[in-house]
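# Analysis of the macromolecular model
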Amino acid sequence: GESVGLHLPTLSVQEGDNSIINCAYSNSASDYFIWYKQESGKGPQFIIDIRSNMDKRQGQRVTVLLNKTVKHLSLQIAATQPGDSAVYFCAENLSGGYNKLIFGAGTRLAVHP
Amino acid sequence: DVKVTQSSRYLVKRTGEKVFLECVQDMDHENMFWYRQDPGLGLRLIYFSYDVKMKEKGDIPEGYSVSREKKERFSLILESASTNQTSMYLCASSLDRGYTFGSGTRLTVV
């Protein structure tokens, strides 16, 4: 079947390198942000989140950075592995309302041995 | 772990058919969502529900309806399928602010 990543920007990295995936979000009132990973044929999976009162949060091999001044998020993956190959989406959530997330278009990460 | 189950991975339907896409979650989540995902367009919200029998239109509700008779089940209905509804459909549920997604249903309308 057609890949969801077919028309997306692609980041190509060598196995073992660090990856940085960027995302510009749209609404200055958003106060919660999430990164999702979507492998081929699967639904998106939660990776890491961050609230707007923070500018950095670290997980296992991943770090999310938030710059509210320029409405920018980044996901850093340390020591990228072939299993990290996927499409990555950022999502923003406005405070209040019914917990609707607004998703970015996504970036495809291709890891080469 | 929360599990969101979509009943079909692949579906092929004919133009004009009525199509039901089913989604079930097992963690008593209040909120459930239906998205479609198309290359270059990302995830677009069709409908969501914040309680049993409650529903709200998303960004692209035209040609779709939904049903939430029980808390754990949220159904997406294509009243008369058309070829432009060929897409990947993703269901999600949430309690707090993060979503848990199902594996998706790839629907082809011929």
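Residues numbered from 1 in each chain as written. Chains lettered and ligands numbered in written order. Predicted model: local features only at pLDDT ≥ 70, side-chain atom pairs only at ≥ 80, totals over all residues. Heavy atoms only, no water.

This part is about the interface of chain B and chain A. Contact residues are listed per partner, giving 23 residues for chain B and 24 residues for chain A. Between chain B and chain A, a total of about 2000 Å² is buried, with carbon and sulfur atoms accounting for 55% of that surface. Interface area lost by chain B to chain A is led by B:Pro39, B:Arg97 and B:Tyr99, which between them contribute 33%. Taken together, chain B and chain A are joined by zero salt bridges. (Contact = heavy atoms within 4.5 Å. Buried area = accessible area lost by both parts, 1.4 Å probe. Salt bridge = Lys/Arg side-chain N within 4 Å of Asp/Glu carboxyl O.)

Attention now goes to the sheet that holds strand S7 (residues 72-77) of chain A. Residue and element names in this part refer to chain A. If you trace the four strands from one edge of the open sheet to the other, you get S2-S7-S6-S5, paired in antiparallel fashion. Since the sheet does not close on itself, it has two edges, and those belong to strand S2 (19-24) and strand S5 (56-58), each with one partner. Adjacent strand axes in the sheet meet at a mean angle of 15°, parallel and antiparallel pairs treated alike. Pairing between S2 and S7: six bridges, direction antiparallel. Bridging across to S7, isoleucine 20 finds its partner in glutamine 76. (Pairing = 2+ DSSP bridges. Helix = DSSP H or I, 4+ residues; strand = E, 2+ residues; numbered from the N terminus. Axes fitted to C-alpha atoms, helices over the stretch in contact; angles between N-to-C directions.)

Here we take up the environment of B:Pro39. All names here are of chain B. Inspection of the secondary structure assignment puts proline 39 in the loop between strand S5 (31-38) and strand S6 (42-49). Its relative accessible area of 27% is what places proline 39 among the partly exposed residues. Put simply, proline 39 and serine 87 are 48 residues apart on the chain and 9.1 Å apart in space, counted from C-alpha to C-alpha. (Buried < 20%, exposed > 50% of the residue type's maximum accessible area, 1.4 Å probe, protein only.)

Attention now goes to the state of the cysteines. Scanning the model with the defined rule gives two disulfides over all chains in all. Disulfide pairing is shown between A:Cys23 and A:Cys90; the S-S distance is 1.6 Å. In this pair, A:Cys23 is assigned in strand S2 and A:Cys90 in strand S8 (residues 86-94), connecting sequence segments 67 residues apart. In terms of burial, A:Cys23 and A:Cys90 fall into one category: buried. The partner cysteine of B:Cys23 in its disulfide is B:Cys91, sulfur to sulfur 1.9 Å. Taking the torsion about the sulfur-sulfur bond, which here is approximately -75°, the covalent link between B:Cys23 and B:Cys91 counts as left-handed. With a gap of 68 residues between them, B:Cys23 in strand S4 (residues 23-25) and B:Cys91 in strand S10 (residues 87-94) connect regions that are remote in the sequence. Look at B:Cys23 and you get buried, because its relative accessible area is 0%. (Disulfide = S-S within 2.5 Å.)

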